[in-house]
Structure formats: structure tokens, C-alpha cells
Amino acid sequence: MKPSVKYGLITAVTGIVISMIIFLIGLDKSQTGENLGYINIVILIAAMVMAVKERRENELGGFIEFGQAFSTGMMVVLIASAITAVYTFLYISVINPGFRDYVLQKQITKMETSGQSQEQIDMALPYVEKFMTPVMMTLFTFLGGLVVGVIIALIIAAIMKKSNPNPFSNTEPASAGSVTS
């Protein structure tokens, strides 16, 4: 199995397990639960580093160019984000349908604390609700994962690239008497 696929799956499954634990112990609607969700970023970083390192060492002879490292990291993110998006849809629609209302109420509270009048909140509410559907929340989860993933993949690729000092070492040298065209 390719390292990017393996670590993309590991990232997604680990994130889903963390999310389910947070839900099952009742922290899904708390600041603690939200903060625990940031563990997924640490897991994503670790998974990308391991995928790039494994590809560099096992497939590319100890060397990896920036583009190869970046594409490996992006595949990890793409796989993890796609699986997480499907899980998010199921979570909001089936597992924890009250989560949508919690997020909506949190947005209303945020508007109130920012000094918006009730009239302004009432005007904004229909628009906010349009973005709080399971499909839209799933789309934002996927796109948000990709944006964060691109940034992390760029950083990891820049740090982990290791160019081959002799890129032509795999080719045979031309013999002294050969004619080249």
C-alpha cells in the first residue's frame, strides 16, 4: 500500500475515533471538546511526515524532491479529508443531529456578544442557517481540511526534501569509444 494511502486512512480513522470518544463522553458541545479536536492537526502533521519519510526511504532511495514530498502530503490530506467529510455528514445527519442546533446557537451568541442588535441577528439568521445544513457543513469540512492540508504539506515538503546530489547516478556512463549523437 502506498504510504500516502496508508497514512491518509490512519489519519481519517484516528480522527473519527477521537470524534466519537468526544461525543460518547459528552464533550461534543463544550469548549474542551472543540480544543480536543485540534489534536487532529497534530495527527495530520505526524501522518504526513511519516508518509513522506516512508516514500523517501522505501521508494526513492533516500532522496525526495519538493514536488514529490508535497504530492505525498497532499494525497494524505485528500484521502483523510474525503473520508472525514463522509463521516461529518453521517455525524451531523445521523449520529448527533442536535450538533447543528448547537453550532447555530453558538453563532447567535457570537453575534450577540459582538454587539449586533436583535434586528441584525434576525436579518443574518436565514443566511447563517443556509450554511448550517449537513451538506454545507460537510463541504466546509472537506474544503477546510484541504486548505489546512496544503499549508502543512508545503511546510513539510520544504523541510523534508532531500535532493540527490548526483541525480544521474542511476544511468550508465558512456564508454570511451562510443559515439554519441
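Residues numbered from 1 in each chain as written. Predicted model: local features only at pLDDT ≥ 70, side-chain atom pairs only at ≥ 80, totals over all residues. Heavy atoms only, no water.

(A) Summary view of the side chain of Thr138. By secondary structure assignment, the location of Thr138 is in helix H7 (residues 134–160). A relative accessible area of 14% means that Thr138 is categorised as buried. Beyond its immediate sequence surroundings of up to four residues, Thr138 is in contact with Ala85, Thr88 and Phe89. (Helix = DSSP H or I, 4+ residues; strand = E, 2+ residues; numbered from the N terminus. Buried < 20%, exposed > 50% of the residue type's maximum accessible area, 1.4 Å probe, protein only. Contact = heavy atoms within 4.5 Å.)

(B) The arrangement of the packing of aromatic side chains in detail. The final tally for this structure, using the stated rule, is six aromatic pairs. Here the aromatic rings of Phe23 and Tyr91 are separated by 5.8 Å at their centres, their planes lie at 85 degrees, and the arrangement is edge-to-face. Here Phe23, found in helix H1 (residues 3–24), pairs with Tyr91, found in helix H4 (residues 66–95); they are 68 residues apart in sequence, far enough to count as distant. Centroid distance Phe131 to Phe140: 5.8 Å. Interplanar angle 40 degrees. Geometry classified as tilted. (Phe/Tyr/Trp six-rings, centres within 6.5 Å; stacked < 30°, edge-to-face > 60°.)

(C) Spatial organisation of helix H3 (residues 39–58). An ideal rise of 1.5 Å per residue puts 28 Å on 20 residues; H3 measures up with 28 Å between its terminal C-alpha atoms. Along H3, the positions that sit buried rather than exposed are Ile43, Leu44, Ala47, Met48, Ala51, Val52, Glu54 and Arg56. Against the buried residues of H3 lie H1, H4 and H7. (Expected span 1.5 Å × (residues − 1).)

(D) A look at the confidence of the model for the protein. The predicted model of the protein has a mean per-residue pLDDT of 87, with 92% of residues at 70 or higher. Contacts for the low-pLDDT stretch residues 171–181, under 50 throughout, to residues beyond four places or in other chains number zero contacts. (pLDDT = per-residue confidence, 0-100.)

(E) Quick peek at the packing of H1 against H3. Interhelical geometry of H1 versus H3 gives an angle of 165 degrees and a closest axis separation of 9 Å. As summarised for this structure, H1 and H3 are arranged roughly antiparallel, according to the angle between their axes. As H1 packs across H3, the resulting crossing turns out to be right-handed. Listed contacts from H3 to Pro3, Ser4, Lys6, Tyr7, Thr11, Thr14, Gly15 and Ile18 of H1 are Ile39, Asn40, Ile43, Leu44, Ala47, Met50, Ala51, Glu54 and Arg55. Along the lines of polarity and charge, the residues of the contact of H1 with H3 split into nine nonpolar, five polar and three charged. (Axes fitted to C-alpha atoms, helices over the stretch in contact; angles between N-to-C directions. Parallel < 35°, antiparallel > 145°, perpendicular 65-115°, else oblique. Left-handed = near helix turned anticlockwise from the far one by under 90°. Nonpolar A, V, L, I, M, F, W, Y, C, P; charged D, E, K, R; others polar.)

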